[in-house]
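Here's the letter readout for the chains.
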Amino acid sequence: MLIGSVIAAIIFICLGGFLYYITLGFPPPYEGQQNIPGPAYFPQMLIYCLWALTLLLLFRLWQGKEVIRAEWKNVHLMVISALAMILCAFIIERVGFLVVMPIYLVFHMRLLFYKQWKHIIILSAAATLFVYVVFYKILNVPLPLGVLENFK
């Protein structure tokens, strides 16, 4: 697994470099608004995080510490998770972000064997509210409202 982790880290570093190159072509902030971040800011921050985490992985592997051992018996959970993400991507425009995200988060927490429903509901609602406030209200990023379109 050590070789596989090193190969995965190198692939993610290269992928981050490619994505960073793509963000260099994003338009700059509007004229007169040079003090605010442009459209490339958030993707570049995610890329920096990706690089930092892959470098941390390589460092821990260099120290001889296997970070997380992969077990083939849990592959079905990964497949179910990927299918859930694909399904959400297909239905989010029609159903709406505020409906799909809490259901998706509840499903994933249950998939990860989290049992306390009270915490699941609170965390799902808080995460949905946080994303809504930050992206829709503060950053003015349109979120698909779907069935809630008429309730603006």
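Everything here concerns the structure above.
Residues numbered from 1 in each chain as written. Predicted model: local features only at pLDDT ≥ 70, side-chain atom pairs only at ≥ 80, totals over all residues. Heavy atoms only, no water.

**Student:** Explain the nonpolar core to me, using residue names and the numbers behind them.
**Tutor:** One finds Phe 97, Met 101, Tyr 104 and Leu 105 to be the most contacted residues of the largest nonpolar core, which totals 13 residues. Contributions of two or more residues to this core are made by helix H3 (75–95), helix H4 (97–111) and helix H5 (117–138). In terms of residue count, H4 provides more of this core than any other element does, 7 residues in total. (Core = buried A, V, L, I, M, F, W, Y, C linked by side-chain atoms within 4.5 Å. Buried < 20%, exposed > 50% of the residue type's maximum accessible area, 1.4 Å probe, protein only. Helix = DSSP H or I, 4+ residues; strand = E, 2+ residues; numbered from the N terminus.)

**Student:** Tell me about the packing of aromatic side chains, residues and numbers included.
**Tutor:** Following the criterion strictly, the structure yields 6 aromatic pairs and no others. Where Phe 42 meets Phe 135, the ring centres are 5.8 Å apart and the plane angle is 85°; that geometry is what we call edge-to-face. Placement of Phe 42 in helix H2 (residues 41–62) and of Phe 135 in helix H5 is noted, with a sequence separation of 93 residues between them. For Phe 42, a relative accessible area of 47% translates into the label partly exposed. Its relative accessible area of 23% is what places Phe 135 among the partly exposed residues. Measuring from centroid to centroid gives 6.1 Å for Tyr 48 and Trp 51, while their planes differ by 45°, and the two rings are tilted. A residue pair is termed a helical-turn pair when its members lie 3 or 4 positions apart in one helix, as Tyr 48 and Trp 51 do in helix H2 at 3 residues. Look at Tyr 48 and you get partly exposed, because its relative accessible area is 35%. Each member of the aromatic cluster is reached from another via a ring pair, and the members are Tyr 20, Tyr 48 and Trp 51. (Phe/Tyr/Trp six-rings, centres within 6.5 Å; stacked < 30°, edge-to-face > 60°.)

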